[in-house]
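Structural features, examined
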Amino acid sequence: MLKPEEQATESLELKEECYQKLKWVVRVVFSYPAYLRNLELGLMYPCLNAAAKEVVFQYLVQTNSEFCLNGDPAIGSSAEQECHFFLEMVEHLAHARPVLKRTVTLYNRASKPMPPCLREWAQNPGVPPPQKRGPRPIAQDCTALRDHIIALAIDAANSVQRDPRWPQKLLIGRACSSEEEFREHYSICRAVVEALENANEVRKIRLHHLPKWHLPTHNVVWNAWQRYQNEILQNGKPRPGRPLLPPQGIETVLHPPGVDTERRNQTLRKIAEDHMRRCV
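Residues numbered from 1 in each chain as written. Predicted model: local features only at pLDDT ≥ 70, side-chain atom pairs only at ≥ 80, totals over all residues. Heavy atoms only, no water.

Examining the overall build of the protein
Looking only at helices and strands, one finds 12 helices and zero strands in the protein. By residue count, 46% of the 280 residues in the protein fall in the buried class. Taking contacts inside the protein between residues at least 6 apart in sequence as the whole, the part at least 24 apart equals 66%. Total accessible area computed for the protein in this model is approximately 15,500 Å², and 55% of it derives from carbon and sulfur atoms. (Helix = DSSP H or I, 4+ residues; strand = E, 2+ residues; numbered from the N terminus. Buried < 20%, exposed > 50% of the residue type's maximum accessible area, 1.4 Å probe, protein only. Contact = heavy atoms within 4.5 Å. Areas by Shrake-Rupley, 256 points an atom, 1.4 Å probe, with all protein chains shown as cover.)

Quick look at the packing of aromatic side chains
The geometry of an aromatic ring pair comes down to the distance between the two centres and the angle between the two planes. A full pass over the atoms with the stated rule returns two aromatic pairs. Summarising the aromatic geometry, the rings of Tyr-19 and Tyr-186 are spaced 5.1 Å apart at their centres and angled 45° between planes, so their arrangement reads as tilted. Placement of Tyr-19 in helix H1 (residues 4–31) and of Tyr-186 in the loop between helix H8 (179–183) and helix H9 (188–206) is noted, with a sequence separation of 167 residues between them. Residue Tyr-19 is classed as buried on the basis of its relative accessible area, which comes to 1%. Ring geometry for Phe-85 versus Phe-86: centroids 5.0 Å apart, planes at 85°, classification edge-to-face. (Phe/Tyr/Trp six-rings, centres within 6.5 Å; stacked < 30°, edge-to-face > 60°.)

A word on unusual backbone geometry
Even without being a glycine, Ser-111 presents a positive backbone phi close to 50°. Mapped onto the fold, Ser-111 is located in the loop between helix H5 (96–110) and helix H6 (116–123). The exposure class assigned to Ser-111 is exposed, which follows from its relative accessible area of 65%.

Re the nonpolar core
Formed by 38 residues in total, the largest nonpolar core has its most connected members in Phe-30, Ile-150, Ile-154 and Val-192. Among the elements of the structure, H1, helix H2 (33–44), helix H7 (137–160), H9 and helix H10 (218–232) are those that each provide at least two residues to this core. In terms of residue count, H1 provides more of this core than any other element does, eight residues in total. Core analysis: the next-biggest nonpolar cluster, separate from the first, contains 30 residues, Leu-69, Leu-118, Trp-121 and Ile-138 among them. (Core = buried A, V, L, I, M, F, W, Y, C linked by side-chain atoms within 4.5 Å.)

Overview of the packing of helix H3 (residues 50–70) against H5
It is at 8 Å that the axes of H3 and H5 come closest, and there the two elements cross at 50°. In terms of orientation, H3 and H5 fall into the oblique class. Pair H3 / H5 crosses with right-handed handedness. The residues of H5 that touch H3, namely those facing Phe-57, Leu-60, Val-61, Gln-62, Asn-64, Ser-65, Glu-66, Cys-68 and Leu-69, are Pro-98, Val-99, Arg-102, Thr-103, Leu-106 and Tyr-107. (Axes fitted to C-alpha atoms, helices over the stretch in contact; angles between N-to-C directions. Parallel < 35°, antiparallel > 145°, perpendicular 65-115°, else oblique. Left-handed = near helix turned anticlockwise from the far one by under 90°.)

Observations concerning helix H4 (residues 79–88)
For H4, a buried count of seven out of 10 residues is recorded, marking the element as mostly surrounded by other parts of the structure. Of all the residues in H4, the buried ones are Ala-79, Gln-81, Glu-82, Cys-83, His-84, Phe-86 and Leu-87.

Observations regarding the confidence of the model for the protein
The predicted model of the protein has a mean per-residue pLDDT of 80, with 76% of residues at 70 or higher. When mean pLDDT is taken per element in the protein, H5 scores highest with 94 and helix H12 (residues 262–279) scores lowest with 65. (pLDDT = per-residue confidence, 0-100.)

Notes on the packing of H4 against H5
The interhelical angle for the contact between H4 and H5, taken along N-to-C directions, is 145°, at an axis separation of 9 Å. Seen along the crossing, H4 lies across H5 with a hand that is left-handed. The residues of H5 that touch H4, namely those facing Ala-79, Cys-83, Phe-86 and Leu-87, are Ala-96, Val-99, Leu-100, Thr-103 and Tyr-107. Considering only residue class, the contact of H4 with H5 consists of eight nonpolar, one polar and no charged. (Nonpolar A, V, L, I, M, F, W, Y, C, P; charged D, E, K, R; others polar.)

With respect to H3
Think of an α-helix as 3.6 residues a turn; residues three or four steps apart then line up on the same face. End to end, H3 covers 31 Å across 21 residues, agreeing with the expected 30 Å (1.5 Å per residue, within 8%). The complete set of buried residues in H3 reads Val-56, Phe-57, Leu-60, Val-61, Thr-63, Asn-64, Ser-65, Phe-67, Cys-68 and Leu-69. Measuring from the side-chain oxygen of the N-cap residue of H3 to the backbone nitrogen of Ala-51 gives 3.2 Å; that N-cap residue is Asn-49. Two residues or fewer past H3, Gly-71 is found with a positive phi of approximately 85°. (Expected span 1.5 Å × (residues − 1). Polar contact = N/O pair within 3.5 Å; in protein donor to acceptor, adjacent residues only side chain to side chain.)

Right, dumping it as structure tokens:
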């Protein structure tokens, strides 16, 4: 029979092993091209000057309108899927309405038939919601995109722990009063923070010319998860500013009804598997 100190050591080693596996799951989520593109924008935005921030907004509009015209080969999504995403998010992302307007123009220039959902919107685009007080809309967009992807990574890591074979469940984490307190405990939030720190170190080595990242603190990561939870729970209390998700939740965004998403899902699974092989 193991002595108490040996049991404590064994338990700590098991926690460390589980923590490293969850950190790896987080890295896989962050490696998806669709997520990585938006995550990087959200992380670099606070470090940009005013002119560069305007360029970011125009980049979002230009790039995403082209995806709505041709699809996104990097993740295997079709033009219809991309259009559906921005139609679902038109009241939630400041750049969604400009993206859709530009997409309609691109379709007309190309004499290409629009997906039915976009054609219907073009006939009755409605009016944009009133401007809310607080940060500029693009700043809200970048924060929302960053928080959304962080929350998806936390959700993915937490889902892994629901497997009955998972040896030892770790807490998601909580807001802490100090960095030292946060680093003392294994948690999914800590895995997110350290995964981003590791990615930033690799990025600095390989890509010297790109803008710096503004890395989220442990409390920012925890708050991102709380915001996500509050918006997908029926009785949640959304934070001020633009909502992160439509009222129906994440499923309407990732898997719109009546749209075939299997090719995209297969592509994302392959990306994840390739990333796993590289990690091994």
